[in-house]
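An overview of the molecular structure
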Amino acid sequence: MRAPSGRPRAGTGYGVVEGRREAGGIAVFRGIPYAAPPVGALRFAAPAPPEPWEGVRDAGAFGPTAPKVPYPDTFAALLPDPEIPGDDCLNLNVWTPDPDPGARLPVMVWIHGGALTRGSAAVPVYDGAAFARDGVVLVSFNYRLGALGYGLFPDAPANRGLLDQIAALTWVRDNIEAFGGDPGRVTVFGESAGAISIGALLAAPRAAGLFTRAVLQSGAPEVLPRDRVRTMVRRMAALLKVPATAGAFTAVALPDLLRAQAAVLRRTNSLVGGPAFGLVADPATLPDDPLEAAAAGEVPLLLGWTAEEYRLWLAPTGAMRVLDRLGPLAVSLARARSGKDKATVRALRTALPGASAAELAGQLLTDRLLRDPLRRLAGARRSAPSHLYEFRWRSGVPGLGSCHALELGFVFDTLHVPEAAWLAGRDTPQELADEMHAAWVRFAVTGDPGWAPWDGSGPPKVFGGPEREGEGAGEALAATPPVLPRPC
């Protein structure tokens, strides 16, 4: 559907939207509402359908981002996180090479990370033009964050951010054909909290049938103990001097709510098991343990990690210097936390000769949070393939190494975006982006990223670094058998 001006148009179930033509003839539609603004009585409710509109709605600019608190300064210098004001934050964006209902192109839906408290679909590194250039319809969306999306209240549905994601995927099923997409070929992909969210979507009954493949980047399926999440709400309630209920929090002005949220976030460290906002087991929204459900599922998976995830968590704050001062004690504490035996630590020292105490502890932390559960997931699956990868290219920013989130500019093929250099530095290899981006596209189109499914042993596919001599860190840490944990 074309406007007289030459701008692309598409019809949705709620009205017509008008996008923009960008480089290469790609049609881009931004800020399309997939649910009603979560304000007033809807602040802590399940997402409601958006109001239909008359005429043509302009979709030329990103819509409002979900309410959130900014990153601390040390991380804000590395992780771009635009803030766009407005109430209508439950919106999505579409990049398509051909907004023709007959095109029937594969669809990829991006779920952003940010610890379920930050991030948005407007981050420049997440530009979907390269996917559209390569024949894929790319969708990205915002969802509620922090207390609004994941606070646990006695008088509100749990996991509201997850319900937002399901509403966005439902919109894709019902509307993406008008943008040239095939609703029967949808791949969800996400990083960090986005990957954790996909783990939940694999287990959520309401998400059944909404996607056919999934990519989990640096995030494993998990649910948190309800008390950890409830503690965050109680701490906010104490600061606000109101009851810890959704009704009371609805009456609080949004800026005051966010200030209280920022204060409680400063007082916790979720990496070591402190209180956090997160997904919880819930009969109405997430009745099954995500890791067990994903292991038993029939959706093909692509999943992996970066070689030094921990450096983003520890290096910017100076925590690595603290761990190095602790020396062997830091390694012992990390070993106990990760449930590893001394033989595994010896193997790790052999794999990483000369590694400092902080590096060893960081690898053990990465093992506990990512490598172990992702390997257990891949090793336990019988009904569908799982393809493992490890990203080893090291950032040009001193101290970051091959850190968490570094692969994103390569997956999206957006190394040219100025913000990509915040994390990756200036001297980035385009050929690695070509390789990695092509693998993601190939997986979405065919289900095969270009290497064999993991068979329970052996190394993952490596991007951006030579194979280590002997066992790598990931292999040294793979001693845990593929036994799935009990639900929280």
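A complete count under the given rule lists 22 salt bridges for this structure. The closest approach of N and O atoms between Glu22 and Arg30, which form a salt bridge, is 2.9 Å. A relative accessible area of 31% means that Glu22 is categorised as partly exposed. In this structure, Glu390 and Arg392 form a salt bridge, with 2.5 Å as the shortest nitrogen-oxygen distance. Residue Glu390 is classed as buried on the basis of its relative accessible area of 2%.

A cluster of nonpolar side chains, Val322, Leu326, Leu329 and Leu333, forms an exposed patch at the surface whose accessible area comes to about 340 Å². Elements represented by at least two residues in the nonpolar patch include exactly helix H11 (319-326) and helix H12 (328-338). Using a relative accessible area of 47% as the deciding quantity, one classes Leu329 as partly exposed.

With that settled, consider helix H6 (residues 226-240). Residues lying three or four places apart along an α-helix face the same way, a consequence of the helix completing one turn every 3.6 residues. The end-to-end C-alpha distance of H6, which contains 15 residues, comes to 21 Å, matching closely the 21 Å that a straight helix rising 1.5 Å per residue would cover. All buried positions along H6 are accounted for by Arg228, Val229, Met232, Val233, Met236, Ala237 and Leu240. Looking one or two residues beyond H6, the residue adopting positive phi is Lys241, at roughly 60 degrees.

In this section: the environment of Val69. Summarising the element assignment, Val69 is placed in the loop between strand E5 (56-58) and helix H1 (73-76). Remark: the alpha-carbon pair of Val69 and Val109, spanning 40 residues in sequence, is separated by 25 Å.

The subject of this paragraph is the pairing of strand E6 (residues 91-96). Of all six residues in E6, six are buried, a share of seventy percent or more. Neither face of E6 is exposed, since Asn91, Asn93 and Trp95 on one face and Leu92, Val94 and Thr96 on the opposite face are all buried. Two strands pair when backbone bridges link them, and strand E4 (residues 27-33) and E6 are joined in this way by five bridges, in the antiparallel orientation. When the bridges of E6 are listed, Ile32 appears paired with Leu92.

On to the packing of helix H4 (residues 160-175) against helix H5 (residues 193-203). Two elements in contact, H4 and H5, have axes whose closest approach is 11 Å; the angle formed by their N-to-C orientations is 75 degrees. What the angle tells us is that H4 and H5 run roughly perpendicular. Residues Leu162, Gln165, Ile166 and Leu169 of H4 form the contact with H5, whose own contacting residues are Ser197, Ala200 and Leu201. Among the residues forming the contact of H4 with H5, the class breakdown is five nonpolar, two polar and no charged.

Another aspect to go through is the sheet that holds strand E1 (residues 9-12). Here we have three strands laid out as an open sheet, ordered E1-E2-E5, and mixed in their pairing. The strands lining the two open edges of the sheet, one partner per strand, are E1 and E5. Strand-to-strand twist in this sheet, taken as the mean axis angle between neighbours without regard to direction, amounts to 35 degrees. Where strand E2 (residues 15-18) lies against E5, three bridges are found, and the strand directions are parallel. Bridge assignment links Val17 to a residue of E5, and that residue is Arg57.

Along the polypeptide, Thr96 turns up in strand E6. Only 2.7 Å separates the side chain of Thr96 from the backbone oxygen of Phe179, close enough to count as a polar contact. Excluding its chain neighbours within four sequence positions, the residues that come into contact with Thr96 are Ile26, Ala27, Phe29, Ala132, Val137 and Phe179.

Turning our attention to the nonpolar core. The nonpolar side chains of a soluble globular protein tend to be buried with one another. Ranked by size, the top nonpolar core spans 89 residues in total, and within it Tyr34, Val94, Phe179 and Phe211 carry the most contacts. Ranked by residues supplied to this core, first place goes to H5 with eight residues. Leave out the neighbours within four places in its chain, and Val94 touches Ala27, Val28, Phe29, Ile32, Val137, Leu138, Val139, Trp171, Ile176 and Phe179. Counting residues in each nonpolar core, the second largest holds 64 residues, with Leu79, Trp313, Tyr389 and Phe412 among its members.

Quick notes on the rules
Position numbers for residues count from 1 along each chain, tracking the sequence in the order it is written. Totals for whole chains, interfaces and linings use all residues, but because this is a predicted model, local features are given only for residues with pLDDT of at least 70 and pairs of side-chain atoms are given and counted only at 80 or more. Values shown for side chains rest on all heavy atoms present in the structure; no hydrogens or waters enter the calculation. Here a salt bridge means any side-chain nitrogen of Lys or Arg lying within 4 Å of a carboxyl oxygen belonging to Asp or Glu. The classification of residues rests on relative accessible area computed with a 1.4 Å probe and restricted to protein chains. Under 20% of the type maximum is buried, over 50% is exposed, and intermediate values are partly exposed. In this scheme, patches are assembled from residues that exceed 30% relative accessible area and form no salt bridge. Like charges are connected within 9 Å, while nonpolar side chains (Val, Leu, Ile, Met, Phe, Trp, Tyr) are connected within 5 Å. Here the accessible surface of atoms and residues is derived via Shrake-Rupley with a 1.4 Å probe, and residues count as covered only by protein chains that are part of the display. Going along the chain from the N terminus, every DSSP run of H or I of four or more residues is numbered as a helix, and every run of E of two or more is numbered as a strand. A helix is expected to reach a length of 1.5 Å times the quantity of its residues less one. Note: two strands are recorded as paired if DSSP finds a minimum of 2 bridges between them. Only the stretch in contact is used when fitting a helix axis, every axis being a line fitted to C-alpha atoms; angles between N-to-C directions are given from 0 to 180 degrees. By definition in this entry, angles of less than 35 degrees are roughly parallel, angles greater than 145 are roughly antiparallel, angles of 65 to 115 are roughly perpendicular, and the rest are oblique. Contacts are residue-level and defined by heavy atoms, with any inter-residue pair within 4.5 Å sufficient. Any residue outside Ala, Val, Leu, Ile, Met, Phe, Trp, Tyr, Cys, Pro, Asp, Glu, Lys and Arg is labelled polar, Gly included; the first ten of those are nonpolar and the last four are charged. Any pair of N or O atoms that falls within 3.5 Å is considered a polar contact. Within protein, one atom must be able to donate a hydrogen and the other to accept it, and sequence-neighbouring residues count only if both atoms are side-chain atoms. Definition used in this section: a nonpolar core is a set of buried Ala, Val, Leu, Ile, Met, Phe, Trp, Tyr and Cys residues joined via side-chain atoms within 4.5 Å.

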